[in-house]
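Summary of structural features
If you want the building blocks of each chain, they are given just below.
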Amino acid sequence: MLSIIPSLLKEMAQEAQTTRKMLSIVPSDKLDWQPHPKSMTMRALSAHIAELPSWVSMAVNTDELDFATAPYEQPVVNSREDLLAMFEKSYEEGRSELEKTDEALLDKIWTLRTGDTIHSATSKAEVIRMAFCQTVHHRAQLGVYLRLLNIPIPGSYGPSADEMGL
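First, a word on what this report is: a plain description of the structure on this page. (Residues numbered from 1 in each chain as written. Predicted model: local features only at pLDDT ≥ 70, side-chain atom pairs only at ≥ 80, totals over all residues. Heavy atoms only, no water.)

Regarding its fold elements, the protein presents five helices and three strands. In terms of overall dimensions, the protein is globule-like: its C-alpha atoms have a radius of gyration of 17 Å, near the 15 Å expected for 166 residues. A principal-axis box enclosing the C-alpha atoms of the protein has dimensions of 45 × 35 × 25 Å. The 166 residues of the protein split such that 42% are buried. Counting only contacts in the protein whose residues sit at least 6 apart along the sequence, the fraction spanning at least 24 positions is 75%. Working note: accessible area of the protein is about 9,100 Å², and carbon and sulfur atoms make up 56% of it. The positive charge centre, built from 16 side chains, and the negative charge centre, built from 23, are 5 Å apart in the protein. (Helix = DSSP H or I, 4+ residues; strand = E, 2+ residues; numbered from the N terminus. Rg over C-alpha atoms; globule rule 2.2 N^0.38 Å. Buried < 20%, exposed > 50% of the residue type's maximum accessible area, 1.4 Å probe, protein only. Contact = heavy atoms within 4.5 Å. Areas by Shrake-Rupley, 256 points an atom, 1.4 Å probe, with all protein chains shown as cover. Lys, Arg positive; Asp, Glu negative; His and termini not counted. Charge placed at Lys NZ, Arg CZ, Asp CG, Glu CD.)

Encoded structure:
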């Protein structure tokens, strides 16, 4: 039987490299910028990206998240350095918990809810993969924000147009 934990750890490490590159170019003086009134600020978006690896440890160590009893509190971020420090702490926490997890635990159901309203009930392994997908999704959003500010974008899965001189 194929073990999923080594595969998840490998993917987590690969995505962390790209996430570090993106967070390292977030301009500290543009954290309150947003491309549209309905869009998150760059501060909120990049802080969310930085904290997403902690969802791995949350999935491993809990059975649910109930927004009704655990409302979200935006972390304090005032600089690029704050973002990178938050990311490294979150990444280390998630990686460490995943490394010591029992494979069978990942089959247990984890629930996302707001009170009686269940948003999803999936295996803990699926929650971890969802956290990775959320990272990629929001990192792409951040890339658009940076592009709109004329900041060259690093490549994610190969060179970017900026790196190719296009």
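Within the element layout of this structure, Thr18 appears in helix 1 (residues 4-23). A sequence separation of 121 residues divides Thr18 from Arg139, and the C-alpha atoms of the two residues are 8.8 Å apart. When near neighbours in sequence (up to four residues on either side) are disregarded, Thr18 contacts Arg139, Gly155 and Ser156.

Take the nonpolar core next. Counting 40 residues, the largest nonpolar core has Trp55, Leu98, Leu106, Trp110, Ile128, Leu142 and Leu146 as the members making the most contacts within it. Going through the elements one at a time, helix 1, helix 2 (42-51), helix 3 (54-61), helix 4 (80-99), strand 2 (109-114) and helix 5 (124-148) are the ones with two or more residues in this core. Ranked by residue count, the leading element in this core is helix 5, at eight residues. Residues in contact with Ile128, not counting those within four places in the same chain, are Leu8, Val56, Ala59, Val60, Leu98 and Leu106. (Core = buried A, V, L, I, M, F, W, Y, C linked by side-chain atoms within 4.5 Å.)

Before going further, it helps to examine the pattern of salt bridges. One pass over the full model with this rule turns up 11 salt bridges. A salt bridge links Glu15 to Arg139; the nearest nitrogen and oxygen atoms lie 2.7 Å apart. Here Arg139 lies in helix 5 and Glu15 lies in helix 1, a separation of 124 residues in the sequence. With a relative accessible area of 4%, Arg139 lands in the buried category. (Salt bridge = Lys/Arg side-chain N within 4 Å of Asp/Glu carboxyl O.)

Spatially, the three strands line up as an open sheet ordered 1-2-3, and their pairing is mixed. The sheet is open, and its two edges are formed by strand 1 (64-66) and strand 3 (117-123), each paired on a single side. Shown here is a sheet whose adjacent strand axes are inclined to one another by a mean of 10°, direction ignored. Those strands touched by helix 5 are strand 2 and strand 3, and its axis lies near 105° from that of strand 3. (Pairing = 2+ DSSP bridges. Axes fitted to C-alpha atoms, helices over the stretch in contact; angles between N-to-C directions.)

So, on to unusual backbone geometry. Although it is not a glycine, Asn150 sits at a positive phi angle of roughly 60°. Accessibility expressed as a relative area gives 70% for Asn150, which makes it exposed.

A word on the packing of helix 3 against helix 5. One way to put it is that helix 3 packs onto helix 5 with a least axis distance of 9 Å and a crossing angle of 170°. In this view, helix 3 runs roughly antiparallel relative to helix 5, as classed from their interaxial angle. For the pair formed by helix 3 and helix 5, the contact residues are Trp55, Val56, Ala59, Val60 and Asn61 on the first element and Lys124, Val127, Ile128, Met130, Ala131 and Phe132 on the second. Per-class residue counts for the contact of helix 3 with helix 5 are nine nonpolar, one polar and one charged. (Parallel < 35°, antiparallel > 145°, perpendicular 65-115°, else oblique. Nonpolar A, V, L, I, M, F, W, Y, C, P; charged D, E, K, R; others polar.)

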